[in-house]
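# Coordinate analysis (summary)
One letter stands for each residue in the lines below.
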Amino acid sequence: MLGIIKKTLLENAKKLLGVEDIDIYKDFIIGKLGTKYYAHGFLVLKEVLKSSEDLTPSDIINLSKLYLRLLNIGIPIAYKVYIQPVNREKLLKDIDRSLQEKLVILEHDPSNAKLKTEITKLEKLKKKLLEGFQPYEIKVIFSITTSAETIDEAISELKVKIKSLKSILQSSGIYVEELKGRQALIALISFFRPTDGNFT
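Structural notes, computed from the coordinates. (Residues numbered from 1 in each chain as written. Predicted model: local features only at pLDDT ≥ 70, side-chain atom pairs only at ≥ 80, totals over all residues. Heavy atoms only, no water.)

One non-glycine residue, Lys26, lies in the positive phi region at around 55°. Locating Lys26 in the fold gives a position in the loop between β1 (21–25) and β2 (28–33). A positive phi is found at Asp27, a non-glycine position, where the angle reads about 75°. In this structure, Asp27 sits in the loop between β1 and β2. Owing to a relative accessible area of 40%, Asp27 belongs among the partly exposed residues under this scheme. (Helix = DSSP H or I, 4+ residues; strand = E, 2+ residues; numbered from the N terminus. Buried < 20%, exposed > 50% of the residue type's maximum accessible area, 1.4 Å probe, protein only.)

Structure (C-alpha cells):
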C-alpha cells in the first residue's frame, strides 16, 4: 500500500514540475530535466498558537524581512505558511501528559528555573483551552532547490545550503526540522497545488 502511495505521489510531482523523471534518493527528492539533476530540500517550522491574536502583523513582517535577508546572502528559497485549527481535546491530553512528566522531574530538581517556566506556560495554555479558546497550528515550510550535472553533486550542494539556512534561522531564534523522503515529497507537491499540509 505504501509503495502505491509513493508511486502516486511521484507521478503527481513529475507532472506538476514538468520533469522527465523524479524519485527519492538518499531521502532527497531528485528530478531530472535534460542533462541537469535537481535536488529539493524542505525545512518546517511548527508552532502552536493559543489564539488567533498570537499571530500579529509584526510576526509576518519579521518573517518577510528574514526571507529577504536569505535572498540577499545568496540562498534561493521559497516559503509557504499554513495555519490550521488544532484538535483541542487532543492538545489538552498532550498538555496533561507533559505536565505530569515535568512535575515529577521538578520534584527531584526543585531549583530548575527553566522547567518551572515550561510548566507555567503549559498551565496557562491549559487554562485558556478550558476557557474555550480555539488553538491553531502554524507551519512555515522553507524550500531549497539546487541543480548540477550529477545527482551526488546536486545533493552535496543542497546539504550545504540547508546547513547555512538552518544556521541563519537559528541565529534568529527559529528552530526547524528537515523533511525527508515521503514528507519532503508531499511538501514539494504542496508548493504547486493546495494540500492538507500534513507534512509530519
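Back to the write-up after that little detour.
A separate point is the side chain of His40. By secondary structure assignment, the location of His40 is in strand β3 (residues 36–49). A polar contact of 3.1 Å, which involves the side chain of His40, links it to the side chain of Thr145. (Polar contact = N/O pair within 3.5 Å; in protein donor to acceptor, adjacent residues only side chain to side chain.)

Within the structure shown, the criterion is met by one aromatic pair. On the basis of an interplanar angle of 40° and a centroid distance of 6.1 Å, the ring pair of Tyr79 and Phe142 is categorised as tilted. Separated by 63 residues along the polypeptide, Tyr79 in strand β4 (residues 77–85) and Phe142 in strand β5 (residues 136–148) bring together distant segments of the chain. Phe142 gets classed as buried once you look at its relative accessible area, which sits at 2%. When the ring centre of Tyr37 is taken as reference, the NZ or CZ atom of Lys32 above it lies at 5.6 Å. (Phe/Tyr/Trp six-rings, centres within 6.5 Å; stacked < 30°, edge-to-face > 60°. Lys NZ or Arg CZ within 6 Å of the ring centre and 35° of its normal.)

Turning next to helix α5 (residues 151–171). With 21 residues, α5 extends 30 Å from end C-alpha to end C-alpha; this agrees with the ideal 30 Å at 1.5 Å per step. When α5 is considered as a whole, its buried residues turn out to be Ala154, Ile155, Leu158, Lys161, Ile162, Leu165, Ile168 and Leu169. Down the axis, α5 shows its buried residues gathered within 150° of arc, on one side only. Opposite the buried face of α5, at more than 90 degrees from it, the exposed residues are Val160, Lys163 and Ser171. (Expected span 1.5 Å × (residues − 1). Arc of directions from axis to C-beta.)

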